[in-house]
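Residue-level structural notes
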Amino acid sequence: MASTSAPKKLIGAGRGIIDVHSHALPPLWLDAASKATRLPRDKLQIAGAPVPDWSAENHLAMMDANGVAACVLSHPSATIFVKGQAARDLARAMNEEFASIIARYPKRFGAFAVMPLDDMDACNDEMAYALDVLKLDGISCGTNVDGIYLGNPRYDNWFAEMNRRKATLFVHPSVPPGYDPAALGINPSILEFPFDSTRMVTNMVLSGAKKRFSDVRMISTHGGGTIPYLTFRIGLLELEFGSGPGRPTRRSRSPSGSGCRWR
């Protein structure tokens, strides 16, 4: 599910790191978030942390200071606080801003497009514009949208189009549904982000979506969460508890009975 591949146009940008997990918070997004949440820009937060000042030039300075040759910009959750036409308009504005930044610094930046995630038909329309017209490097989304995780049939039409295009999908964890930040007093980025990546990857596999849409090149951030440690457990216990209601079991015992294998 994870990939370290970089867009071809960025390869050779110079010696150093090519960072595919690099968020951008342009002023137009801050204005939209402030309007939708009715909070002053200096009071906005992401996952309980203050929103930092951001500009392409400041980002470049950070890159130069840390040996980063190129970054692929993204903001997967940019539209989560708006719906309908407002979400479509914000996604379009963000993607055109990304294209403008890339035009100014073509060897230093790429971008994964923002999607209006409340509407899968709108996602297909915006994806076509972002990839075919703006020539962005892929698309982005969160691990879940309003508690519905990737792998759910809700996303099938969108994934089918991504699969046809062999598109790159950058998936960033979201705060899980029902999360109570007061329960442990720990910021969700410390534990819940890797756990939510784990939930998403597991649901993609056990639902069969990863196999059905195998040409979608997925980048699961933060090393795939805890999947490297839990793969064996997930596969083993699926044999005992199944893949979920209405889903076929994806694993079978080996003929010797000594282990498991994927069907």
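What you see is a predicted model, and the numbers here were worked out from it, not measured in a lab. (Residues numbered from 1 in each chain as written. Predicted model: local features only at pLDDT ≥ 70, side-chain atom pairs only at ≥ 80, totals over all residues. Heavy atoms only, no water.)

1. Brief notes about helix α4 (residues 120-133)
When the terminal C-alpha atoms of α4 are compared, their 19 Å separation across 14 residues agrees well with the 20 Å that a helix rising 1.5 Å per residue should span. Three or more residues of α4 are buried, namely M120, A122, C123, N124, E126, M127, A130 and L131. On its buried face, α4 sits against α3 (84-104), β5 (109-113), β6 (138-142) and α5 (156-165). Sitting at the head of α4, D119 places a side-chain oxygen 3.0 Å from the backbone nitrogen of D121. (Helix = DSSP H or I, 4+ residues; strand = E, 2+ residues; numbered from the N terminus. Expected span 1.5 Å × (residues − 1). Buried < 20%, exposed > 50% of the residue type's maximum accessible area, 1.4 Å probe, protein only. Contact = heavy atoms within 4.5 Å. Polar contact = N/O pair within 3.5 Å; in protein donor to acceptor, adjacent residues only side chain to side chain.)

2. Structural notes on the sheet that holds strand β4 (residues 68-74)
Strands pair in a sheet through their backbones, by hydrogen bonds, and they do so in one of two ways: parallel or antiparallel. One open sheet accounts for 6 strands, arranged β1-β4-β5-β6-β9-β10; its pairing is parallel. The outermost strands of the open sheet, each flanked by one partner alone, are β1 (17-23) and β10 (217-220). Pairwise comparison of adjacent strand axes, ignoring direction, gives a mean angle of 30° for this sheet. With 3 bridges connecting them, β4 and β5 associate as parallel partners. Bridge pairing links C71 to F109 in β5. Lying on the sheet, helix α2 (residues 56-65) is in contact with β1, β4 and β5; it crosses β4 at an angle near 140°. (Pairing = 2+ DSSP bridges. Axes fitted to C-alpha atoms, helices over the stretch in contact; angles between N-to-C directions.)

3. Things to note about the confidence of the model for the protein
Averaged over all residues, the pLDDT of the protein is 88; the fraction at 70 or higher stands at 89%. Low pLDDT, under 50, characterises residues 1-6; the predicted model gives this stretch 16 contacts beyond four residues in sequence or across chains. (pLDDT = per-residue confidence, 0-100.)

4. Quick look at the state of the cysteines
Within this structure, the stated rule accounts for 0 disulfides. Looking at C123, it has no disulfide partner, and the nearest cysteine sulfur is the one in C141, 8.2 Å off. Judged by its relative accessible area of 0%, C141 is buried. (Disulfide = S-S within 2.5 Å.)

5. Considerations on the side chain of E126
On the secondary structure map, E126 appears in helix α4. Beyond its immediate chain neighbours, meaning those up to four positions away, E126 contacts A91, R92, N95, V114, M115 and P116.

6. Details of the layout of surface pockets
Size it by volume and the largest pocket reaches roughly 1,100 Å³. Lining the largest pocket are 45 residues, and of these I46, A47, S77, I80 and V175 lie nearest its centre. For the lining of the largest pocket, the secondary structure elements donating two or more residues are β1, α1 (27-37), β2 (45-46), β3 (49-50) and β7 (144-145). A per-element tally of the lining of the largest pocket places α1 first, with 3 residues. Considering only residue class, the lining of the largest pocket consists of 25 nonpolar, 16 polar and 4 charged. (1 Å grid on protein atoms, 1.4 Å probe; cavity = no way out; pocket = protein on both sides within 12 Å on 5 of 7 lines; lining within 4 Å. Points joined across faces, edges and corners; volume = space filled by probe spheres on them. Nonpolar A, V, L, I, M, F, W, Y, C, P; charged D, E, K, R; others polar.)

7. Details of unusual backbone geometry
Backbone geometry places D146, a non-glycine residue, at a positive phi of 55°. Along the polypeptide, D146 turns up in the loop between β7 and β8 (148-149). Located in the positive-phi region is K166, a residue other than glycine, with phi close to 55°. Relative to the elements of secondary structure, K166 occurs in the loop between α5 and β9 (168-172).

8. Regarding the packing of aromatic side chains
Evaluated as defined, the whole model comprises 5 aromatic pairs. A ring pair is formed by F112 and F170, whose centres lie 5.3 Å apart and whose planes are at 15°; its orientation type is stacked. Pair noted here: F112 is in strand β5 and F170 is in strand β9, with a separation of 58 residues, a long-range link. Note on accessibility: F112 and F170 belong to one class, buried. When the centroid spacing of 5.9 Å and the interplanar angle of 80° are considered together, the rings of W158 and F159 count as edge-to-face. Members of the aromatic cluster, connected to one another through ring pairs, are W158, F159 and F213. The ring of Y129 has R92 lying over it, and the distance from NZ or CZ to the ring centre is 3.7 Å. (Phe/Tyr/Trp six-rings, centres within 6.5 Å; stacked < 30°, edge-to-face > 60°. Lys NZ or Arg CZ within 6 Å of the ring centre and 35° of its normal.)

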